[in-house]
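An overview of the molecular structure
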Amino acid sequence: MDKQIKRSSYDTFNAKSYLKKNYPVGPDGMPTSHEDWLQWLLNNLKDTFAGGKLSGERLLDVGTGPAIHNLISAARFFPNITCAEYCQENRKELEKWVRGEEDAFDWDPFIKYVCGLEGQSDWEARKVALRDAIQHVVFCDVREENPLGALNGGPYDVVSSIFTLCAVAMDKTDFDGIVSHVSHLVKPGGMLILVFDLEATHVSDGTVSRPHVFLEASDIRRAVRNSGFTDVNDDVCLVKSNEGLQWDGTGYIYLTARKCSE
Ligand SMILES: C[S@@+](CC[C@H](N)C(=O)[O-])C[C@H]1O[C@@H](n2cnc3c(N)ncnc32)[C@H](O)[C@@H]1O
């Protein structure tokens, strides 16, 4: 039986077990996921970056966790990527992969998969390019008004945050504040890419259960607009069944928005 714990469990996040649970690979060597949510996400990222239609060089990913798959399409066009993450263990796991250490998580199947989506064949070159593009792995805390603290080197052309802001927020008011903190990191005219769980009340790792802020798509669109964004577009992926999942959400939302010019 799960026991309820406080949200501060991120202080003791287990990177290896998170990766094993969330990013499995099937017998065919391809990434697998419940009702193809991962394929849905990677396809949306591919479409957002396709053809270099987002301008700029600097991209910040907020709450990267120990995982680089969300950056594969971005790195083709953004040569200067900063991964900002709260947990030291996750930052270490990211750095291991960037340095090509032996016990780093194997992201090759995910790079191959994204290259397949993009019609690119040289996945090994893309791996090298992604490693080169990840120039900084830094601490951040989205609960702070300035999430990067002293490391803030000015706003970014693109800021992405995948499954993080909803995982940190305590309630809708807190969520609005967190979206606002992250919005300050985007340049005027720059792009925000956000992914959230929809309508979840709890999430579990099989041992402990954490409460999750209940967010409808309308709450998310409103928070983003109120933080100074326009051109808000989204794609919702509804799950048909939660069976076998340690999570009670109804689906996921992938949202892009452009920061209004000052
Ligand atoms: C559900 S994970 C998502 C990780 C990754 N983006 C992915 O798609 O697998 C949520 C992440 O938020 C990070 N996090 C927790 N508290 C945070 C905070 N206050 N500020 C920034 N990130 C935080 C956690 O360490 C964790 O890596």
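Residues numbered from 1 in each chain as written. Predicted model: local features only at pLDDT ≥ 70, side-chain atom pairs only at ≥ 80, totals over all residues. Heavy atoms only, no water.

Looking at an unreviewed UniProt entry, one finds the chain named Nicotinamide N-methyltransferase-like, with Branchiostoma floridae as its source organism. Heading Sequence similarities (unreviewed entry) of the UniProt record for the chain holds this comment: "Belongs to the class I-like SAM-binding methyltransferase superfamily. NNMT/PNMT/TEMT family." (UniProt positions renumbered as here; feature names shortened; annotations may be inferred.)

1. A short note on the overall build of the chain
Scanning the chain for helices and strands turns up eight helices and 10 strands. Taken against the 2.2 N^0.38 rule, which gives 18 Å for 262 residues, the C-alpha radius of gyration of the chain at 17 Å falls within 12% of a compact globule. In terms of overall dimensions, the chain has a C-alpha envelope of 50 × 45 × 35 Å along the principal axes. Sorting the 262 residues of the chain into buried and exposed places 52% on the buried side. Within the chain, counting contacts between residues at least 6 apart in sequence, those at least 24 apart form 73% of the total. Accessible surface computed for the chain: about 12,000 Å², of which carbon and sulfur atoms make up 48%. Of note, the chain has its 28 positive side-chain charges centred 1 Å away from the centre of its 39 negative side-chain charges. (Helix = DSSP H or I, 4+ residues; strand = E, 2+ residues; numbered from the N terminus. Rg over C-alpha atoms; globule rule 2.2 N^0.38 Å. Buried < 20%, exposed > 50% of the residue type's maximum accessible area, 1.4 Å probe, protein only. Contact = heavy atoms within 4.5 Å. Areas by Shrake-Rupley, 256 points an atom, 1.4 Å probe, with all protein chains shown as cover. Lys, Arg positive; Asp, Glu negative; His and termini not counted. Charge placed at Lys NZ, Arg CZ, Asp CG, Glu CD.)

2. Observations concerning the pattern of salt bridges
On inspection of all chains with the given rule, the structure shows 15 salt bridges. Glu101 is paired through a salt bridge with Arg99; the nearest N and O atoms lie 2.7 Å apart. Taking the shortest distance from any N to any O, the salt bridge between Asp219 and Arg222 comes out at 3.5 Å. Residue Asp219 and its partner Arg222 are located together in helix α8 (residues 217-226), separated by three residues, close to a single helical turn. Assessed through its relative accessible area of 9%, Asp219 is described here as buried. One network of salt bridges, in which partners are shared, links Lys16, Glu93, Lys96 and Asp103. (Salt bridge = Lys/Arg side-chain N within 4 Å of Asp/Glu carboxyl O.)

3. Considerations on the packing of aromatic side chains
Taken as a whole, this structure holds 17 aromatic pairs when the rule is applied. Centre to centre, the rings of Trp107 and Phe110 are 4.9 Å apart; their planes meet at 65 degrees, and the pair counts as edge-to-face. The class of Trp107 is buried, set by a relative accessible area of 1%. Where Phe175 meets Phe196, the ring centres are 5.2 Å apart and the plane angle is 75 degrees; that geometry is what we call edge-to-face. Of this pair, Phe175 sits in helix α7 (residues 172-183) while Phe196 is found in strand β6 (residues 186-198), placing the two residues 21 residues apart along the sequence. Comparing Phe175 with Phe196, the two get one shared label, buried. An aromatic cluster is built from Phe13, Tyr18, Tyr23, Trp37, Trp40, Phe105, Trp107, Phe110, Phe163, Trp247, Tyr252 and Tyr254, whose rings are joined through pairwise contacts. Taking the ring centre of Tyr156 as reference, the NZ or CZ of Arg58 above it sits at 4.0 Å. Seen from the ring of Trp123, Lys112 lies directly overhead, with NZ or CZ sitting 4.6 Å from the centre. (Phe/Tyr/Trp six-rings, centres within 6.5 Å; stacked < 30°, edge-to-face > 60°. Lys NZ or Arg CZ within 6 Å of the ring centre and 35° of its normal.)

4. Observations concerning helix α3 (residues 88-99)
A rise of 1.5 Å per residue sets the reference length of α3, with its 12 residues, at 16 Å; its end C-alpha atoms lie 16 Å apart and thus fit the reference within 8%. Residues Asn90, Arg91, Glu93, Leu94, Lys96 and Trp97 constitute the buried set of α3. In this structure, the buried side of α3 is in contact with α1 (15-22), β3 (80-85), α4 (108-118), α5 (123-133) and β4 (134-139). Directly after α3, the chain includes Gly100, whose backbone phi takes a positive value near 70 degrees. (Expected span 1.5 Å × (residues − 1).)

5. Points about the site of the ligand
Taken together, 19 residues lie around the ligand, and Tyr18, Tyr23, Gly63, Glu85 and Asp141 are the ones closest in. A distance of 2.9 Å separates a nitrogen atom of the ligand from a polar backbone atom of Val142. Taking 590 Å² as the accessible area of the ligand by itself, protein coverage stands at 95%. Partitioning the shell around the ligand into residue classes produces 10 nonpolar, six polar and three charged. (Near = heavy atom within 4 Å. Polar contact = N/O pair within 3.5 Å; in protein donor to acceptor, adjacent residues only side chain to side chain. Nonpolar A, V, L, I, M, F, W, Y, C, P; charged D, E, K, R; others polar.)

6. Describing the nonpolar core
Counting 48 residues, the largest nonpolar core has Tyr23, Leu41, Phe49, Ile81, Trp107 and Ile134 as the members making the most contacts within it. The leading source of residues in this core is helix α2 (residues 37-49), at seven residues. Once residues within four sequence positions are removed from consideration, Ile134 is found in contact with Ile68, Leu71, Ile81, Cys83, Trp97 and Val98. Formed by 34 residues, the second largest nonpolar core is a distinct cluster that contains Tyr156, Val168, Val179 and Val182. (Core = buried A, V, L, I, M, F, W, Y, C linked by side-chain atoms within 4.5 Å.)

7. What to know about the state of the cysteines
By the definition in use, this model includes zero disulfides. There is no disulfide at Cys83, and the cysteine sulfur nearest it, in Cys140, is 10 Å away. (Disulfide = S-S within 2.5 Å.)

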